Amino acid sequence: MFNYLIKIEYDGSKFVGWQSQENGKSIQATIEKVLKKIFKTNVRIAGAGRTDKGVHAFGQHANFKLSKKIVDKKKFLESINFFLRKKLISILDIQRKKINFHARFNAKKRIYEYVIVNRQSILSIDKGKAWHIKKKMNLTLLKKGGKIFEGSHDFSTFRAATCGAKSPIKKMDSITVKKINDKIYIKFTSKSFLQNQVRSMVGCLKYLSTKKWSIIEFKKVLKSKNRSRCAPPAPAEGLYLMNVKY
């Protein structure tokens, strides 16, 4: 038996999310269907993270096991990408791993980035790829809010009701904020995240940076551990899974 890790890029706009579901087309099921076509057998893939409906990825990872060895890496990538090309999914790389390797459980860091376009004019090129916020955002407050989130906290305020994580306590390694022209990039690095955590935090950072909340109110929301105190989560279309480190 052979175990392989693939790196995946996708536009999540037309998918119900990463995980296979009965109510629509998922990234996982789409890739599994193509793998079955190539290898003539059912192939189950395990993703590093379950991105939600509408979330995109530059560096999702997943592993799968096969009874036969993939000899020609280039040929495999050409073949699988041929069948995926119209789905806006690309397999960027494939590596052989030890048989007990798991894309989710062996991940050491996950890096997400949220993209905001802060301007009055409507979006054209970035439509469906970023959150359009018209109200002027204060970058200094945005950075201060990010620093408050760093470290180990009980993130219950930012956790979806359907989240299956055993504990709401997570360590946020770093949150960095960068602005280029009218685009704001917020990068989140942690070993793991709660369901909806990043989008919920971005929603609260928006309230802080547009001065709907003061720093004191922002801190109270985090410490409350109460989901009902959370600002409306940011839309999925601005969120990207950038990379997973092993």
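As shown above, the structure is provided for reference.
The text that follows walks through the structure, step by step, so that each part is easy to find. All of these numbers come straight from a predicted model, not from anything done at the bench. (Residues numbered from 1 in each chain as written. Predicted model: local features only at pLDDT ≥ 70, side-chain atom pairs only at ≥ 80, totals over all residues. Heavy atoms only, no water.)

Things to note about the overall build of the protein
Each helix and strand in the protein was counted, giving five helices and 10 strands. Along the first, second and third principal axes, the C-alpha atoms of the protein reach 60 × 40 × 30 Å. Put simply, the protein has 246 residues, and 48% of those count as buried. Across the protein, contacts joining residues at least 24 apart in sequence account for 69% of those joining residues at least 6 apart. Of the roughly 13,100 Å² of accessible surface on the protein, a fraction of 50% belongs to carbon and sulfur atoms. (Helix = DSSP H or I, 4+ residues; strand = E, 2+ residues; numbered from the N terminus. Buried < 20%, exposed > 50% of the residue type's maximum accessible area, 1.4 Å probe, protein only. Contact = heavy atoms within 4.5 Å. Areas by Shrake-Rupley, 256 points an atom, 1.4 Å probe, with all protein chains shown as cover.)

Concerning the pattern of salt bridges
When the charged atoms of two side chains with opposite charge come close together, those side chains can pair. Overall, the coordinates contain eight salt bridges when judged by the stated rule. A salt bridge links Glu32 to Arg44; its shortest N-O distance comes to 3.7 Å. Here Glu32, found in helix H1 (residues 27–39), pairs with Arg44, found in the loop between H1 and strand E2 (45–47); they are 12 residues apart in sequence, far enough to count as distant. Overall, Glu32 belongs to the buried group, its relative accessible area being 13%. In this structure, the salt-bridge partner of Arg119 is Asp182, at a minimum N-O distance of 3.4 Å. With a gap of 63 residues between them, Arg119 in the loop between strand E5 (109–118) and strand E6 (131–133) and Asp182 in the loop between strand E8 (169–180) and strand E9 (183–190) connect regions that are remote in the sequence. (Salt bridge = Lys/Arg side-chain N within 4 Å of Asp/Glu carboxyl O.)

Some remarks on the pairing of E9
Looking down a regular strand, the side chains alternate between one sheet face and the other. Extensive coverage of E9 is indicated by the burial of six of its eight residues. Two strands pair when backbone bridges link them, and E5 and E9 are joined in this way by eight bridges, in the antiparallel orientation. Across the sheet, Val115 pairs through a bridge with Tyr185, a residue of E9. As paired strands, E8 and E9 are joined by eight bridges and run antiparallel to one another. Across the sheet, the residue bridging to Ser174 is Thr189, located in E9. Hairpin connection of E8 to E9: two residues between the antiparallel strands, including Asn181 at a positive phi of 55°. (Pairing = 2+ DSSP bridges.)

Section: helix H3 (residues 139–149)
Within the sequence span of H3, burial applies to Leu141, Leu142, Gly145, Gly146, Ile148 and Phe149. Across the axial projection of H3, the buried residues extend over an arc of 160°, all falling on one side. Tucked inside the fold, the buried residues of H3 contact strand E7 (151–154), E8, E9, helix H4 (197–209) and helix H5 (215–224). Backbone nitrogen of Thr140 and a side-chain oxygen of the N-cap are separated by 3.0 Å at the start of H3; the cap is Asn138. Gly151 lies just past H3 and shows a positive phi near 95°. (Arc of directions from axis to C-beta. Polar contact = N/O pair within 3.5 Å; in protein donor to acceptor, adjacent residues only side chain to side chain.)

Notes on the nonpolar core
Core analysis: the largest hydrophobic core is formed by 72 residues, its most contacted members being Ile31, Phe64, Phe76 and Phe188. At seven residues, the largest contribution of residues to this core is made by H4. Not counting chain neighbours up to four residues away, the residues in contact with Phe188 comprise Arg110, Ile111, Tyr112, Tyr114, Met172, Ser174, Ile175, Phe193, Val198, Met201, Val202 and Leu205. Ranked by size, the runner-up nonpolar core spans six residues in total, among them Val115, Leu123, Tyr185 and Tyr240. (Core = buried A, V, L, I, M, F, W, Y, C linked by side-chain atoms within 4.5 Å.)

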